[in-house]
Amino acid sequence: MSLSIAHLGPPGTYAEQAAVLYVNWLTKTTGIEATLCPYPSIAQSLQAVAAGKTQLAVVPVENSIEGSVTMTMDALWQLDSLQIQLALVMPIVHSLISGASGLDKIEKVYSHPQALAQCQNWLGQSLPNVQIIPSNSTTEALQLLNQDLTAAAIASSRAAQLYNLPILAQGINDYPENCTRFWVVSQHQAQFEYHINNLNPTHSSLAFSLPANMPGALIKPLQVFAELGINLSRIESRPTKRSLGEYVFFLDIETDIQQPKMQSALADLIEYLEILKIFGSYGVLSVNTLES
Ligand SMILES: O=C(O)C(=O)C[C@]1(C(=O)O)C=C[C@@H](O)C=C1
C-alpha cells in the first residue's frame with residue numbers, strides 16, 4: 001500500500017520535512033508507505049490533491065512569528081473540495097546558507113517570504129544593506145548559490161546538508177521558539193480503505209462569508225459558539241477578492257464536528273452566513289510525538 005503526498009518543493013523545504021515526519025509516523029503506526037511529490041507552490045500542492053494527482057498534501061498553515069500562510073487559506077477556500085486529516089506542529093530553525101567567505105561579502109538574500117519575515121530583525125541588524133529577494137520556497141534559490149558567492153539563502157540546516165552547502169549563521173529566526181503548524185489535506189470525498197491517522201479528532205476548521213456588511217454581522221455567528229460553550233482557537237480574515245472590504249473568516253475550533261454541540265452550532269450558524277465551507281475535524285501531533 002503506497003500513498004502519494006504533494007508538498008512545496010524543491011526537496012529540503014520545511015514542508016517536505018513535515019511530510020517526511022508524517023510519512024515515518026504513518027509507516028510506523030500503520031505500515032502504510034508513501035512517496036513524496038514536490039510542487040513549485042503551496043497552491044499547486046493543494047491543486048494536485050483536488051485534481052486527484054496525489055492523495056494527500058502537507059501544507060504550512062500558520063507560523064508562531066509571522067501568522068497565517070495566506071496562500072494555504074486562499075487555496076482551501078477556492079478549491080472547495082478539500083478536507084483536513086491531521087495537524088502537525090514543527091519547530092522551525094533557520095540558517096543563513098552561502099558560499100561567501102563572510103557576512104560582509106553578501107549582497108543578496110533569497111528566501112520564501114514567510115522565512116524572510118521570521119528573520120527580519122536579524123537581517124536588519126546583521127545584513128542591513130543587502131537586497132532581499134523573495135522566492136517560491138526556502139530551497140528554490142539554493143541551486144544558485146554555487147555560482148554566486150555574493151548570494152545567500154535562508155533555509156534549514158537540513159537543506160544545507162542535502163545540497164552540500166555551507167552554513168554561515170544558524171538559529172537566525174527572531175524568536176527562538178519559532179514553530180509552524182502544517183495540515184495534512186485530502187480530497188473531501190476521499191474514501192481511504194486504510195487509516196491515514198489513528199487520532200481522535202480534537203479540532204475542526206471552517207470558513208464563511210457574510211451576506212452583508214452591517215452591524216452585528218460577525219458577532220452573530222461568533223455568539224453561536226460562545227452560547228454553546230465552544231472554544232475557538234483562531235479567527236483570521238482574508239479578502240473575498242470580489243470587492244474591497246469584503247472578507248472570508250477562517251475559524252479553528254477546539255472540538256470535533258460530530259459532537260452534538262457542534263452539530264447544533266452548525267444548524268444555528270447557517271442563518272447568519274452567506275457561504276459556509278467545512279474543512280473537517282482532525283487530531284494534532286507535535287514533532288515529539290511524531291519522532292518518538
Ligand atoms: O519554503 C519552505 O521551506 C516552506 O516549507 C514554506 C514555509 C511557509 O510557507 O511557512 C514553511 C515553514 C516556514 O514557516 C517557512 C516557510
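Since we're looking at a predicted model, the values are computed, not measured.

## Some words on the packing of helix H7 (residues 219-227) against helix H8 (residues 260-269)
Axis separation between H7 and H8 bottoms out at 10 Å; the angle between their running directions is 160°. Considering their axes alone, H7 and H8 lie roughly antiparallel with respect to each other. As H7 runs across H8, the sense of the crossing is right-handed. Note on element contacts: H8 touches H7 through Met262, Ala265, Asp268 and Leu269, opposite Pro221, Val224 and Phe225.

## Examining the sheet that holds strand S10 (residues 167-170)
Read across the open sheet, the five strands follow the order S8-S7-S9-S6-S10; overall the sheet is mixed. Looking at strand neighbours, the two that pair on one side only are strand S8 (131-134) and S10, the edges of this open sheet. When the angles between neighbouring strand axes are averaged without regard to direction, this sheet yields 25°. Alignment of strand S7 (residues 108-111) against strand S9 (residues 151-155), held across three bridges, turns out to be parallel. Bridge pairing links Val109 to Ala152 in S9.

## So, the UniProt feature "domain: Prephenate dehydratase" (unreviewed entry) in the protein chain
Residues annotated in UniProt with the feature "domain: Prephenate dehydratase" (unreviewed entry) correspond here to residues 4-187. Its end C-alpha atoms 13 Å apart, residues 4-187 is made of 30% helix and 33% strand.

## Some remarks on the layout of surface pockets
In this structure, the second largest pocket occupies an estimated 240 Å³ of space. Lining of the second largest pocket is provided by 15 residues; of these, Leu210, Ala212, Asn213, Gly245 and Tyr247 occupy positions nearest its centre. In terms of residue class, the lining of the second largest pocket is made up of eight nonpolar, four polar and three charged.

## What about the pairing of S9?
Counting buried positions over the five residues of S9 gives five, a clear majority of the element. Neither face of S9 is exposed, since Ala151, Ala153 and Ala155 on one face and Ala152 and Ile154 on the opposite face are all buried. Here strand S6 (residues 95-97) runs beside S9; their pairing, made up of three bridges, is antiparallel. Counted as the bridge partner of Leu96 is Ile154 from S9.

## Some thoughts on the packing of aromatic side chains
On inspection of all chains with the given rule, the structure shows five aromatic pairs. Centroid distance Tyr22 to Trp25: 6.2 Å. Interplanar angle 35°. Geometry classified as tilted. Of the two residues, Tyr22 and Trp25 both sit in helix H1 (residues 14-30), three residues apart, roughly one turn of that helix. A relative accessible area of 0% places Tyr22 in the buried class. Considering the side-chain rings of Trp183 and Tyr282, the 6.0 Å spacing of their centres and the 65° angle between planes classify their relative orientation as edge-to-face. Of the two residues, Trp183 is situated in strand S11 (residues 179-187) and Tyr282 in strand S15 (residues 275-286); the sequence distance between them amounts to 99 residues. The rings of Trp77, Phe250 and Phe279 are connected pair by pair, giving a single aromatic cluster. Here the guanidinium or amino end of Lys277 rests over the ring plane of Trp77, the centre of that ring lying 4.4 Å away.

Calculation notes
Residues numbered from 1 in each chain as written. Predicted model: local features only at pLDDT ≥ 70, side-chain atom pairs only at ≥ 80, totals over all residues. Heavy atoms only, no water. Axes fitted to C-alpha atoms, helices over the stretch in contact; angles between N-to-C directions. Helix = DSSP H or I, 4+ residues; strand = E, 2+ residues; numbered from the N terminus. Parallel < 35°, antiparallel > 145°, perpendicular 65-115°, else oblique. Left-handed = near helix turned anticlockwise from the far one by under 90°. Contact = heavy atoms within 4.5 Å. Pairing = 2+ DSSP bridges. UniProt positions renumbered as here; feature names shortened; annotations may be inferred. 1 Å grid on protein atoms, 1.4 Å probe; cavity = no way out; pocket = protein on both sides within 12 Å on 5 of 7 lines; lining within 4 Å. Points joined across faces, edges and corners; volume = space filled by probe spheres on them. Nonpolar A, V, L, I, M, F, W, Y, C, P; charged D, E, K, R; others polar. Buried < 20%, exposed > 50% of the residue type's maximum accessible area, 1.4 Å probe, protein only. Phe/Tyr/Trp six-rings, centres within 6.5 Å; stacked < 30°, edge-to-face > 60°. Lys NZ or Arg CZ within 6 Å of the ring centre and 35° of its normal.

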